[in-house]
Amino acid sequence: MRPLEIIRKKRDGYALSAGEIREIVSGYTAGDIPDYQAAAFLMSVYFRGMDEDETFALTRFMAESGRQLDLAAHFDAVMVDKHSTGGVGDKVTLILVPLVASCGVGVVKMSGRGLGHTGGTIDKLDSIPGFRTSLEIPEIMRVIEATGAAIVAQMPDLVPADGALYSLRDVTGTVESLPLIASSIMSKKLAVGADAVLLDVKAGRAALMPDYESAMELARSMVGIGRRAGKRVAAVVTDMEEPLGFAVGNALEVSEAIEVLEGGGPEDLRRLCVSLAARMLIISGSCSDFPEAERRADGALRSGKALEKFAELIEAQGGDARILEDPALLPHSEWRVAVCSPRDGYVQHLDGRIVGEIAMALGAGREARGGRVDLSAGLVLERKVGDRVARGEVLAVMYPSRAVSERVPMLSEQLKGAYGLGDYPVPERDLIRGTVDSTDCL
Ligand code: URA
């Protein structure tokens, strides 16, 4: 069938066959289908959706469009992967990878750079002097053999179909489509080829999925794809109304991740990491009882085992592990700007999206692909939802890049505006809002 007929078929609301989907994916990746037809195809999927069979076929053909790591075939031990749909202050990967590896389960994570209001793990790791994330497959395998874990940048030839389609979605208003998001994420998970995958689907104003219902629908779709591909997959829907932890910005987040690995750090972040680590231990088959899995993860943080594993991982990937004893070796800004409360009261709401956008504007992120990031820039929240604050007390501290100095007074006012202050305390929100599980053991 010609691409035009496939586009018309989807436009008119019919389900496509696997062969038709393959034609679009391979034709566009090979450059035989022009952007305008691929864009029309994406828009027809945006409006008409895809059923489970179509979404699975799209995922599979995208996964097969380039090189595949096939980790499960390389290692005798069970390998687990994790993915977050992205959130403000989300430094969970930096903690979870060494934490789970220190509990004896192999973990691999391919990550991206930040764009828009959420940061990317690879930018965060760039703040560790010497740490290399662009590794070739043999080197990735050596790091995993040496440490049981690796955190590396997405390889350009892994799922090239997603690279091409995602760039087109970005400029054609077709990012927010459930089958397109599910297939984009899961194609990369299938190409990495771990035995089990834990998905952290963020829900809230600061996330890709703005509400709980759409986040659960995405979670179900991705778990369904994983199940059909023979993987053990679990998804957790987590709250992303306010940022996770206190720090937002690359080196600041590395520093906060180290605090958690030392057994301290912000309570919300620590609890989430223990809970996610426990789920990874269960889906890997290393533990069968959830409270026991949580105890193991918690013990690895308290005993320093997880921190030791992080040191091994940093060294294996060429980084300077002395940052663990001396965080002053991380890029840091000498310029601090305190943002103070305009009134007495309680923090009733904190808009994570605005906080993320301010951190990016302070220099922690890039507005366009390829832009420069100031690794030391960002902000630290001194007050979060539920906290009491007096007039004039510090709500947050900004660490601006020198390059944005003129915008600092305006950003300071905006950050104040991100705080909803009122007369009464509000109840704490549950961080974990829902779960979906292909193994029926969680
Ligand atoms: N992350 C991805 O990798 N793909 C999407 O489509 C959205 C988020």
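What you see is a predicted model; the values in this text were computed from it and never measured.

Caption draft 1: Quick look at the overall build of the chain. Check the secondary structure of the chain and you find 17 helices and 13 strands. In terms of overall dimensions, the chain is globule-like: its C-alpha atoms have a radius of gyration of 22 Å, near the 22 Å expected for 442 residues. Across its three principal axes, the chain shows a C-alpha extent of roughly 65 × 45 × 40 Å. In the chain, buried positions account for 58% of the 442 residues. The chain carries 50 positive and 64 negative side-chain charges, and their two centres are separated by 2 Å.

Caption draft 2: Seen up close, the environment of Val80. Here Val80 shows up in strand β1 (residues 79-84). You can call Val80 buried: its relative accessible area is 0%. Sequence separation between Val80 and Leu94 is 14 residues, and the spatial gap between their C-alpha atoms is 15 Å. Once residues within four sequence positions are removed from consideration, Val80 is found in contact with Val105, Gly106, Val107, Val108, Ala194, Ala196, Met280, Ile283 and Ser284.

Caption draft 3: Inspection of helix α12 (residues 250-261) at higher detail. Taking 1.5 Å of rise per residue, twelve residues should cover 16 Å, and α12 covers 17 Å from first to last C-alpha, within 8% of that figure. Of all twelve residues in α12, ten are buried; the element is thus mostly enclosed. For α12, the set of buried residues is Asn250, Ala251, Leu252, Glu253, Val254, Glu256, Ala257, Ile258, Val260 and Leu261. Where α12 terminates, the next one or two residues include Gly263, which has phi positive at roughly 100°.

Caption draft 4: Representation of the domain arrangement of the chain within the structure. Annotation of the chain at the domain level lists domain 1 (3-49), domain 2 (71-326 + 432-441) and domain 3 (333-422). Computed from C-alpha atoms alone, the centre-to-centre distance between domain 1 and domain 3 is 43 Å.

Caption draft 5: Examining the side chain of Lys91 more closely. Considering the arrangement of structural elements, one finds Lys91 in the loop between β1 and α6 (92-102). We classify Lys91 as buried; its relative accessible area is 1%. Looking at Lys91, its side chain comes within polar contact range of the main-chain oxygen of Leu244, at 2.9 Å. Setting aside residues up to four positions removed in sequence, Lys91 forms contacts with Lys124, Leu244, Gly245, Phe246, Ala247, Glu253, Glu256, Ala257 and Leu269.

Caption draft 6: Quick peek at the sheet that holds strand β10 (residues 388-389). Across the sheet, three strands lie side by side as β10-β8-β12; this open sheet has antiparallel pairing. Each edge of the open sheet is held by one strand with a lone partner, namely β10 and β12 (419-422). Of the pairings in the sheet, the one linking strand β8 (residues 345-350) to β12 comprises four bridges and is antiparallel in character. Bridged to Val347 within β12 is Leu421. Across the sheet, helix α17 (residues 408-418) touches β8 and β12, and the angle it forms with β12 is around 50°.

Caption draft 7: Molecular detail of the side chain of Asp200. Topologically, Asp200 is positioned in strand β4 (residues 196-203). Among the polar contacts listed, one links the side chain of Asp200 to the side chain of Lys202, at a separation of 3.0 Å. In this structure, Asp200 is in contact with His83, Ser84, Thr85, Val236, Thr238, Leu272 and Leu276, ignoring residues within four places of it in sequence.

Caption draft 8: Here's a closer look at a negative patch on the surface. A cluster of acidic residues, Glu259, Glu262, Glu325 and Asp326, forms a negative patch at the surface. With respect to the helices, strands and loops of the structure, Glu259 is situated in helix α12. Here Glu259 falls in the partly exposed class, since its relative accessible area comes to 38%.

Caption draft 9: Looking closely at the site of the ligand. As a matter of local geometry, the ligand sits amid Tyr166, Arg169, Ile181, Ser184, Ile185, Lys188 and Leu208. Burial of the ligand by the surrounding chains reaches 87%, relative to a free accessible area of 240 Å². At the level of elements, α9 (160-170) and α10 (178-192) are the ones that each hand at least two residues to the shell around the ligand. The dominant element in the shell around the ligand, judged by the number of residues it contributes, is α10, at four residues.

Caption draft 10: Broad picture of the packing of α9 against α10. Where α9 contacts α10, the two axes come as close as 11 Å, and the packing angle between them is 150°. In this view, α9 runs roughly antiparallel relative to α10, as classed from their interaxial angle. In terms of crossing hand, the pair formed by α9 and α10 is left-handed. Only Leu180, Ile181, Ser184, Ser187 and Lys188 of α10 make contact with α9, whose side of the interface consists of Asp162, Tyr166 and Arg169. Of the residues assigned to the contact of α9 with α10, the class counts are three nonpolar, two polar and three charged.

Caption draft 11: Representation of α6. Where burial is concerned, most of α6 is hidden: eleven out of the eleven residues are buried. Positive phi shows up at Gly104, right after α6, with a value of about 90°.

Caption draft 12: Molecular detail of the nonpolar core. Counting residues in hydrophobic clusters, the biggest one holds 124 residues, and the most contacted among them are Leu71, Ile128, Val355, Leu379 and Met398. Take this core: its biggest share by element is eleven residues, from helix α13 (residues 267-283). If near-sequence neighbours (up to four positions away) are discounted, Leu71 is found in contact with Met79, Val108, Met141, Ile144, Val192, Gly193 and Ala194. Ala182, Val197, Ala215 and Ala235 belong to the second largest nonpolar core, which has 21 residues in total.

Caption draft 13: Examining unusual backbone geometry more closely. Phi is positive for Asp70, close to 50°, though the residue is something other than glycine. By relative accessible area, which is 42% here, Asp70 ends up partly exposed. For Val159, which is not a glycine, the phi torsion comes out positive at approximately 55°. Inspection of the secondary structure assignment puts Val159 in the loop between β3 (149-153) and α9.

Reading the values: rules and limits
- Residues numbered from 1 in each chain as written.
- Predicted model: local features only at pLDDT ≥ 70, side-chain atom pairs only at ≥ 80, totals over all residues.
- Heavy atoms only, no water.
- Helix = DSSP H or I, 4+ residues; strand = E, 2+ residues; numbered from the N terminus.
- Rg over C-alpha atoms; globule rule 2.2 N^0.38 Å.
- Buried < 20%, exposed > 50% of the residue type's maximum accessible area, 1.4 Å probe, protein only.
- Lys, Arg positive; Asp, Glu negative; His and termini not counted.
- Charge placed at Lys NZ, Arg CZ, Asp CG, Glu CD.
- Contact = heavy atoms within 4.5 Å.
- Expected span 1.5 Å × (residues − 1).
- Domains from an automatic or database assignment.
- Polar contact = N/O pair within 3.5 Å; in protein donor to acceptor, adjacent residues only side chain to side chain.
- Pairing = 2+ DSSP bridges.
- Axes fitted to C-alpha atoms, helices over the stretch in contact; angles between N-to-C directions.
- Patch = residues over 30% accessible without salt bridge, like charges linked within 9 Å, V, L, I, M, F, W, Y side chains within 5 Å.
- Areas by Shrake-Rupley, 256 points an atom, 1.4 Å probe, with all protein chains shown as cover.
- Salt bridge = Lys/Arg side-chain N within 4 Å of Asp/Glu carboxyl O.
- Near = heavy atom within 4 Å.
- Parallel < 35°, antiparallel > 145°, perpendicular 65-115°, else oblique.
- Left-handed = near helix turned anticlockwise from the far one by under 90°.
- Nonpolar A, V, L, I, M, F, W, Y, C, P; charged D, E, K, R; others polar.
- Core = buried A, V, L, I, M, F, W, Y, C linked by side-chain atoms within 4.5 Å.

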